[in-house]
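Take a look at the letters that make up each chain.
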Amino acid sequence: MIPKDHPRYASLMIRERLVKGYESGIVCTHGLIAHGRGEAFDYLIGEKTTEAAMHATKVAVATLLTAERPVISVNGNTAALVPDEIVHLSEHIGAPLEVNLFHRTEERMDKIIAHLKAHSATNVLGKKADARIPGIEHERGKVDKDGIYGADAVLVPLEDGDRCEALVRMGKTVIAIDLNPLSRTSRTATITIVDNVVRAIPNMVKLSEELRGIKQTEIRKIIDAFDNELNLQRMTEHDD
Ligand code: PTJ
């Protein structure tokens, strides 16, 4: 039991969720290691959403709301950390969830899909895997034709660099959530949100409610004014 007044309470509770996810077979062993890296970067940015991250989050939501076939890619860590929030986001922007795993086993696929459904998801893709991302030989290359393969915009929390590059090569708008602003994913994505998924996804849900009432021309302006490289520079230079 972690006492509520522990100075690292929030961070320890996030770990707790991942450990539970690991014990139930949702999170893979490597997911725990990946979290450690993310945690270190989060510590450096003060474990809060920076202005630059919020800016990217707003552009990301504007992009997803205007996309014709947006899809949200879900891996083990994301499913364990923000199951309710990712389902809400999927409903708010009208984008299906697609489970896509680096360490794919059919058992983990089934468990994650069941977990998301237990959190009220209705449309979860990923099992069919009837298409392949060109140039990606590992398991994350397996995608659904009517999901990630055919999407024009894909949200990828905790992505790996080579798939991110491959999705961009396919002409898709790729929105990454990655606490490491120096990663290949962060530098290759169209829009990079350097923030913890536990803050970024709830922020996206809130912003999707706010932006829904805004005129298309205004939404377009938000998207067109964004420069990912510049925004990443703000993150690495700690401009805010
Ligand atoms: O569930 P699977 O099988 O798809 O496997 C998932 C992992 C995470 C193991 C897999 O995608 C992987 O190996 O990822 P990487 O290449 O280690 O990249 C993870 C990136 O996510 C790193 O740059 C971390 O800094 C970042 N990260 C970790 N935790 C968080 C995060 N970014 C945002 N929020 C987090 N909570």
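Please refer to the structure placed before this passage.
These remarks concern the structure in this document. All figures in this text were calculated on a predicted structure; none of them were measured in a lab. (Residues numbered from 1 in each chain as written. Predicted model: local features only at pLDDT ≥ 70, side-chain atom pairs only at ≥ 80, totals over all residues. Heavy atoms only, no water.)

### Some details on the site of the ligand
In step 1: What surrounds the ligand is a group of 23 residues, the closest being F102, H103, R108, D178 and N196.
In step 2: Taking L158, its main chain carries an N or O atom lying 3.5 Å from an oxygen atom of the ligand.
In step 3: Contacts to the ligand include D178, whose side-chain N or O atom sits 2.9 Å from an oxygen atom.
In step 4: Protein chains shield 92% of the accessible area of the ligand, which is 740 Å² for the free molecule.
In step 5: Because more than half of its atoms lie within 2 Å of the grid, the ligand is assigned to the largest pocket.
In step 6: Sorting the residues of the shell around the ligand by element identifies α2 (29-44) and α4 (76-81) as the ones contributing at least two each.
In step 7: The dominant element in the shell around the ligand, judged by the number of residues it contributes, is α2, at six residues.
In step 8: The residue makeup of the shell around the ligand, split by class, is eight nonpolar, nine polar and six charged. (Near = heavy atom within 4 Å. Polar contact = N/O pair within 3.5 Å; in protein donor to acceptor, adjacent residues only side chain to side chain. Areas by Shrake-Rupley, 256 points an atom, 1.4 Å probe, with all protein chains shown as cover. 1 Å grid on protein atoms, 1.4 Å probe; cavity = no way out; pocket = protein on both sides within 12 Å on 5 of 7 lines; lining within 4 Å. Sits in = over half its atoms within 2 Å of the grid points. Helix = DSSP H or I, 4+ residues; strand = E, 2+ residues; numbered from the N terminus. Nonpolar A, V, L, I, M, F, W, Y, C, P; charged D, E, K, R; others polar.)

### Topic: the packing of helix α1 (residues 9-23) against α2
A packed helix pair is summarised by two numbers, namely the angle formed by the two axes and the spacing between the axes.
In step 1: Running from N to C, α1 and α2 point in directions that differ by 165°, and their axes come no closer than 10 Å. Relative to α2, α1 is oriented roughly antiparallel. In the crossing of α1 with α2, the sense of the turn from one axis to the other is right-handed. Contacts from S11, I14, R15, L18 and Y22 in α1 reach T29, L32, H35 and E39 in α2. (Axes fitted to C-alpha atoms, helices over the stretch in contact; angles between N-to-C directions. Parallel < 35°, antiparallel > 145°, perpendicular 65-115°, else oblique. Left-handed = near helix turned anticlockwise from the far one by under 90°. Contact = heavy atoms within 4.5 Å.)

### Some points on the pairing of strand β1 (residues 70-74)
In step 1: Of all five residues making up β1, five are buried, and the element is well covered by its neighbours.
In step 2: Covered by surrounding structure in β1 are P70, I72 and V74 together with V71 and S73, the residues of both alternating faces.
In step 3: Where β1 lies against strand β6 (residues 153-157), three bridges are found, and the strand directions are parallel. For I72, the partnering residue across the bridge sits in β6 and is L155.
In step 4: Of the strand pairs in this sheet, β1 and strand β2 (residues 97-99) are connected by three bridges, and their pairing is parallel. Bridged to V74 within β2 is V99. (Buried < 20%, exposed > 50% of the residue type's maximum accessible area, 1.4 Å probe, protein only. Pairing = 2+ DSSP bridges.)

### Looking at unusual backbone geometry
In step 1: One non-glycine residue with positive phi stands out, namely S120, at about 80°.
In step 2: Tracing the backbone through its elements, the reader meets S120 in the loop between α6 (106-118) and β3 (124-125).
In step 3: Positioned with a positive phi, L158 is a non-glycine residue whose angle comes to about 50°.
In step 4: Residue position: L158 is located in the loop between β6 and α7 (161-169).
In step 5: When its relative accessible area of 27% is taken as the criterion, L158 is described as partly exposed.

### Brief notes about the nonpolar core
In step 1: With 49 residues, the main nonpolar core has I72, L116, L155, I201 and M204 as its most contacted residues.
In step 2: It is helix α9 (residues 197-211) that contributes the most residues to this core, eight residues altogether.
In step 3: Those residues within four positions of I201 in sequence are excluded, and the remaining contacts are V82, E85, I86, L89, L155 and I177.
In step 4: If you look at the next biggest cluster of nonpolar residues, it comprises 15 residues, including A131, V156, L167 and A176. (Core = buried A, V, L, I, M, F, W, Y, C linked by side-chain atoms within 4.5 Å.)

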